[in-house]
Amino acid sequence: MIQLSIPEKMVNFIFNLFSARAILISSQNSLLPPRLLWKGLPQGSVLSPLLYNLYTYDLELSVNSFCNVLQYADDLALYVSAKDLGDASARLNSAINYLHDWLGNHGLSLSVEKSSVVTFSRMRSIPDVIISFDGKIFPVRNSVKFLGVVFDSRMTGVQHINHIIKKCEKNIHILRSLSGVWWGSHPYTQKLLYNALVRSHFDYGTHILEPCNKSALTSLDRAQSKCLRIIIGAMKSSPINALQVECAEPPLHLRRQYLSDRFIYKIFQLSNHPLISKLHTLSEHISSSSYWRHKSHPVLFTSFVRFISLPCPVYQCRLNPLFLASYNAILYRPDIVLNIGINKDDPDANAKFNSVVNDKWNGWHIMFTDASKIKADGCVGFAIWIPEYNIILNFKCPPQASIFTGEALAILEALMFIESHKLHNTVIFTDSRSCLQAILANQFRSKSKFPFVLNIKEILFRCHVSGIKVTLAWIPGHSGIVGNEGADQCAKDATKTGSDTHYATYAQDLTSIAKDDLISRWNEAWNLSKRNKGKHYADVQDTLLARPWFFKYRKANKRVTSTICRLRLGHACTPVHLAKIRVKDSSLCECGLEEGSAEHIFFNCPRRPSLYEALPDTIPRPTNFKSLLGLVHTPFVSNSTVDYFVK
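Residues numbered from 1 in each chain as written. Predicted model: local features only at pLDDT ≥ 70, side-chain atom pairs only at ≥ 80, totals over all residues. Heavy atoms only, no water.

A. Seen up close, unusual backbone geometry. Residue Pro211 is reached from Glu210 by a cis peptide bond, and omega for that bond is 10°. With respect to the element layout, Pro211 can be found in the loop between helix 6 (206–209) and helix 7 (214–232). The residue Asn425 is not glycine, and still its phi comes out positive at about 55°. Its place among the elements puts Asn425 in the loop between helix 15 (403–421) and strand 15 (426–430). (Helix = DSSP H or I, 4+ residues; strand = E, 2+ residues; numbered from the N terminus.)

B. Spatial organisation of the environment of Tyr194. Note that Tyr194 resides in helix 5 (residues 187–203). As a C-alpha pair, Tyr194 and Gln224 span 30 residues in sequence and 9.3 Å in three-dimensional space. Not counting chain neighbours up to four residues away, the residues in contact with Tyr194 comprise Leu175, Arg199, Phe202, Gln224, Cys227, Ile231 and Glu249. (Contact = heavy atoms within 4.5 Å.)

C. Structural detail: the pattern of salt bridges. Evaluated as defined, the whole model comprises 13 salt bridges. A salt bridge links Arg256 to Glu210; its shortest N-O distance comes to 2.6 Å. With Arg256 in helix 9 (residues 252–267) and Glu210 in the loop between helix 6 and helix 7, this residue pair connects regions lying 46 residues apart in the sequence. Each member of the pair, Arg256 as well as Glu210, is classed as buried. Glu419 is the partner of Arg462 in a salt bridge, and the nearest nitrogen-oxygen pair spans 2.7 Å. Of this pair, Arg462 sits in helix 17 (residues 451–466) while Glu419 sits in helix 15; the two residues are 43 residues apart in sequence, bridging distant segments of the chain. Given the relative accessible area of 37%, Arg462 is considered partly exposed. The class of Glu419 is partly exposed, set by a relative accessible area of 24%. Several salt bridges converge on common partners, so that one network encompasses Lys191, Arg199 and Glu249. (Salt bridge = Lys/Arg side-chain N within 4 Å of Asp/Glu carboxyl O. Buried < 20%, exposed > 50% of the residue type's maximum accessible area, 1.4 Å probe, protein only.)

D. Layout of helix 15. With 19 residues, helix 15 extends 27 Å from end C-alpha to end C-alpha; this agrees with the ideal 27 Å at 1.5 Å per step. Where burial is concerned, most of helix 15 is hidden: 14 out of the 19 residues are buried. Directly after helix 15, the chain includes Lys422, whose backbone phi takes a positive value near 50°. (Expected span 1.5 Å × (residues − 1).)

E. Up close: the pairing of strand 9 (residues 143–146). Where strand 9 meets strand 10 (residues 149–152), 4 bridges bridge the pair, whose relative direction is antiparallel. Its bridge partner lying in strand 10, Lys145 is registered against Val150. Linking strand 9 back to strand 10 in an antiparallel pair, the connection comprises 2 residues, with Leu147 at a positive phi of about 55°. (Pairing = 2+ DSSP bridges.)

F. Molecular detail of a nonpolar patch on the surface. Taken together, the side chains of Val46, Leu47, Leu50 and Leu54 define a hydrophobic patch exposed on the protein surface, amounting to about 420 Å² of accessible area. On the basis of relative accessible area, Leu47 is assigned to the partly exposed category, the value being 42%. (Patch = residues over 30% accessible without salt bridge, like charges linked within 9 Å, V, L, I, M, F, W, Y side chains within 5 Å. Areas by Shrake-Rupley, 256 points an atom, 1.4 Å probe, with all protein chains shown as cover.)

G. Structural detail: the environment of Ser587. By the element assignment, Ser587 lies in the loop between helix 22 (575–580) and helix 23 (598–604). Once residues lying within four places of it in the same chain are set aside, the contact partners of Ser587 are Pro575, Val576, Ala579, Glu595 and Gly596. A polar contact of 3.0 Å, which involves the side chain of Ser587, links it to the side chain of Glu595. (Polar contact = N/O pair within 3.5 Å; in protein donor to acceptor, adjacent residues only side chain to side chain.)

H. Inspection of the packing of helix 5 against helix 7 at higher detail. It is at 9 Å that the axes of helix 5 and helix 7 come closest, and there the two elements cross at 165°. As the angle between them shows, helix 5 and helix 7 are arranged roughly antiparallel. Crossing geometry of helix 5 relative to helix 7 is assigned as right-handed. Facing Pro187, Gln190, Lys191, Tyr194, Val198 and Phe202 of helix 5, the residues of helix 7 in contact are Leu220, Ala223, Gln224, Cys227, Ile230 and Ile231. Broken down by class, the residue content of the contact of helix 5 with helix 7 amounts to 9 nonpolar, 2 polar and 1 charged. (Axes fitted to C-alpha atoms, helices over the stretch in contact; angles between N-to-C directions. Parallel < 35°, antiparallel > 145°, perpendicular 65-115°, else oblique. Left-handed = near helix turned anticlockwise from the far one by under 90°. Nonpolar A, V, L, I, M, F, W, Y, C, P; charged D, E, K, R; others polar.)

Structure follows, in structure tokens:
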């Protein structure tokens, strides 16, 4: 049973981020129920977290005058920081005494034996700390696990990373058991399993601890390279930087920075997020303290600096956008038509459109909306065209905005015009199906809470209550429909002359910036590292891949993909390479004519058919083997060419 009045865990934690000392007190399953269970919920009940939060809503008020409180569901952390360890201990003991009173008034008890005290400090010798509860002393330990992250007293991250590696080893064995070098599941399947079973553990919490112990982070890199070798069947001698490019899997240190960027961009849409003030304090501390002059900065701080350096403002709200919209508006299902019977490539699209309008919306007000982006670094323009009154409303968004944002804001502006002018019976035509689907989607289940989509639903609901009929309809873009073409031209003009009313960046659009930064930094690292390692692979694959080449050939067996991957990496079981790693004494081919390079084996060796026989006619002759290996992800290579390698 999960008790209504009793959480599963309570972690009381004392943490000092900047000063010399900190204390942390932790407990798991420390709140024990009375002997007689008289209230509670079945284990796994979806109401448990909600009712627990309601029951313990005033817990923070009982101790916040002595320490700070962190609480997530049934995990609670009490922490205090001070320059003097005695002062920190006294404040925490006072908080514990008040916590004891609160627990007694609410029918709860605390298990001291299952709790722990951890002191965080840069001191070489940390004095003993005494934190007691109801006459019992909390045990002192050197680490604590809070929300799945292990914090050690020196903040080295070693224990957390060792915990991750231990969990991942079992899942790496799953990858290994599903396929070998020449048999088993396809690398596509293995890559999906790696993302779900292994990389998810690499991602969780590590970007919070960095910078930490470098040798511990190196062990994570080794675990990643082990997984990538299993996925594509590569040899152990294969260079790691080439393995990462071949599997389209960036180095872990770049991925941690990417995750940190996404996290920071997401939280900054909430103006009152508690981490924002702490990041400002951290920024001031780093700029004024000599401690950080010769040390790597935290990745969260690096992301924060990038965020405040953005050239345009970021849209912020005080709460989750979902909580700012009315419940009835969220549940309201507007009149949206996703198919009016016109295909994108229909040559008579305009005539059919006019016929549909006359049949369904005869006498209604007609509006067209569209968004456009001409240059990659240019603004996003969006426009509303009302042919009946020859009215054009055009606006622009920052270059960081997406076309989706522009399309949604165009619909929002059209609805604001309809509501303010009370235009009864209006239909809005847009060529953005994704926007209409986002409006129809269940906002409670949607991962992305777009504030402008919720605003659209608010206005649509108000129009419905006021008796103003509004219909949103999808039409194919660039199909010759006069209204859509006119709105598209207005949107292109708006990229330069549009109003800047909506000139702000949304958190959802910043995610693409984080992705672009990741690719840019990875490309720089690849160009630098390939000078020393992976030179052969760099000649084959000079640029980064958006997706691994073997995703295209999902019917090829593991032997085929492993052979091609090894040849592309330059670490294959050819006589030349085996002699290089001292497995064979001679680099001569079995035919005895030349050295057993891949070029000789596939083109000139008399013991096997020439690769020219399997190549399509579109590939010019003569050619070299490295050029062919660079074509595996292009239309030049057919399945018959790939099947050649199993012969």
